[in-house]
Amino acid sequence: MKRISLILVCIMLLGVFHVNAAQEVVYDVGTQTFTPLDLTKAANMGFADEIEGDGKGGWADQGAANDFRNFTHRGRTLFNGIPFNIIEPKNNGGNSCVVLRGQNNEYFPISAEIEVNQEAGGVYFLHAASHTEGKISDIVGKYTFVYEDGTSSDVNVRGNKDVFNWWGKNSSETCISVWTGANGSTNLISLGMFACPNPYPNKKISKIVASTPGNEASLIVVAATLTD
């Protein structure tokens, strides 16, 4: 039985996420069933950017010296034993991630839909925040679970708790850093993994809508994986 060492204690009974950030635990990956989601339709930016502020290219649209091109994972990739599907930009019109509007990128959308069409106890999101300078809300954005029965439920994405700025490396009880690297502007960039509970795990999820208020921090989603 494959065992790995994690700080993330995953779903227990009733679909509730429990995390122990202070004490390392042994986690059996065989206790969960994972389903990587397809973000190809939702993706609107790549990892590499050439011209700052033109609304095209990649990542946070801050130019070639400050992008995410050194994140080279593609296809099925394991982070802390959890499989994710990382989009190859060349196979998706240059788009590999979802970048939502913030205070300095008004040409980006404020929401994006991720197709699901199945039940799940929760979702692991590979994501980050951008344009967090100045005063920002405690809520960077939200993930809205839309169910087959027509109902929906929001999960707020809290800044510096559920998501962190991609410059630097941070972890909390709900979001841990799973990848670090560098670019032309800083020696430390990172990507976090957020353990997001499904408020109604017994309902079939039609889709998840990621969104931001549009005038504060930007939310960047690289991949998402369901867990039972």
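In this text the structure is predicted, and so the values were computed from the model without any measurement.

Turning our eyes to something else, we now look at the nonpolar core. Within the largest apolar cluster, 33 residues are counted, with the highest numbers of intra-cluster contacts made by L39, F125, Y143, F145, F194 and I208. Of all hydrophobic cores here, the second largest spans 28 residues; its members include F34, W59, I189 and M193.

By the criterion of burial, strand β12 (residues 189-197) is predominantly enclosed, with eight of the nine residues buried. The pairing of strand β8 (residues 122-130) with β12 spans six bridges and is antiparallel. By the bridge assignment, G122 is partnered in β12 with P197. Sheet topology places strand β11 (residues 175-181) next to β12; six bridges connect them, and they run antiparallel. Its bridge partner lying in β12, G181 is registered against I189.

All right, on to the sheet that holds strand β10 (residues 152-158) then. One open sheet accounts for four strands, arranged β7-β13-β9-β10; its pairing is antiparallel. Bordering the open sheet on either side are β7 (111-118) and β10, each of which pairs with just one other strand. For this sheet the average axis-to-axis angle between neighbouring strands, irrespective of direction, equals 20 degrees. The sheet contact formed by strand β9 (residues 139-147) and strand β13 (residues 205-211) spans six bridges and is antiparallel. From the neighbouring strand, T144 faces β13, where its bridge partner is V209.

Conventions and cut-offs
- Residues numbered from 1 in each chain as written.
- Predicted model: local features only at pLDDT ≥ 70, side-chain atom pairs only at ≥ 80, totals over all residues.
- Heavy atoms only, no water.
- Core = buried A, V, L, I, M, F, W, Y, C linked by side-chain atoms within 4.5 Å.
- Buried < 20%, exposed > 50% of the residue type's maximum accessible area, 1.4 Å probe, protein only.
- Helix = DSSP H or I, 4+ residues; strand = E, 2+ residues; numbered from the N terminus.
- Pairing = 2+ DSSP bridges.
- Axes fitted to C-alpha atoms, helices over the stretch in contact; angles between N-to-C directions.

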